[in-house]
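Close look at the chain arrangement
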Amino acid sequence: MAISRREALKHNISYGTGTLNHGNDSVVYDRALRKFPKDETFSQLNQAIEAGDAIAAAPLAHAFQHLCATLALSKLYVDMQPIVEALDAEELPAAEEFEAVEAEYRDVADFLASC
């Protein structure tokens, strides 16, 4: 069953943009969205930040933000920007900023896992 555009929007997923990013093919986009909860990039990023390793976390942050852009996870993409900037400066991101991203990630991942 296809992912509901209306429900996706409630979780800050820009379904139309994501479909366009996937060759205007909603079936391919739905498949890609369903893989998101199993992707390990965010958990690896979280582990690197918890370990205090900004250098290791930076490429993971870029990869995760790119994934969010490709999948049109709008709020996650935007909220990742200050984290990417901090890590690029070899600094750890503010805890509040990362906690907000983590909460948004959980919301999106839980929604997609339920589809």
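Residues numbered from 1 in each chain as written. Predicted model: local features only at pLDDT ≥ 70, side-chain atom pairs only at ≥ 80, totals over all residues. Heavy atoms only, no water.

Side note on the packing of aromatic side chains
- Considering all chains together, one arrives at 7 aromatic pairs under this definition.
- Geometrically, the ring pair formed by Phe42 and Tyr105 is stacked, given 4.2 Å between the ring centres and 20° between the ring planes. Of the two residues, Phe42 sits in helix α4 (residues 41–50) while Tyr105 sits in helix α7 (residues 95–113), which places them 63 residues apart along the sequence. We note that Phe42, like Tyr105, is buried.
- Among the aromatic residues, ring-to-ring pairing joins Phe36, Phe42, Phe64, Phe98 and Tyr105 into one connected group. (Phe/Tyr/Trp six-rings, centres within 6.5 Å; stacked < 30°, edge-to-face > 60°. Helix = DSSP H or I, 4+ residues; strand = E, 2+ residues; numbered from the N terminus. Buried < 20%, exposed > 50% of the residue type's maximum accessible area, 1.4 Å probe, protein only.)

Quick notes on the side chain of Asp30
- Mapping Asp30 onto the fold places it in helix α3 (residues 26–35).
- Among the polar contacts made by the side chain of Asp30, one reaches the main-chain amide nitrogen of Ile3 at a distance of 3.1 Å.
- Beyond its immediate stretch of four places on either side in the chain, Asp30 contacts Ala2, Ile3 and Tyr15. (Polar contact = N/O pair within 3.5 Å; in protein donor to acceptor, adjacent residues only side chain to side chain. Contact = heavy atoms within 4.5 Å.)

Some words on helix α5 (residues 54–70)
- Counted at 1.5 Å a residue, the expected span for α5 with its 17 residues is 24 Å, and the 24 Å between its end C-alpha atoms agrees.
- Looking at the buried positions of α5, the neighbouring elements they touch are α4, α6 (74–88) and α7.
- Directly beyond the C-terminal end of α5, a positive phi value near 60° is found at Ala72. (Expected span 1.5 Å × (residues − 1).)

Digging into unusual backbone geometry
- At Asn12, a residue that is not glycine, the phi angle is positive and equals roughly 60°.
- By the secondary structure assignment, Asn12 is in the loop between α1 (5–10) and α2 (15–21).

Concerning the nonpolar core
- Membership of the largest hydrophobic core comes to 34 residues, with the highest contact counts inside it found for Ile13, Leu33, Phe36, Leu45, Leu73, Leu76 and Leu87.
- Listed by contribution, the elements that provide at least two residues to this core are α3, α4, α5, α6 and α7.
- Not counting chain neighbours up to four residues away, the residues in contact with Ile13 comprise Ala8, Tyr29, Leu33, Leu71, Ala72, Leu73, Val108, Phe111 and Leu112. (Core = buried A, V, L, I, M, F, W, Y, C linked by side-chain atoms within 4.5 Å.)

Bear in mind that shape data such as this cannot, by itself, settle questions of function.
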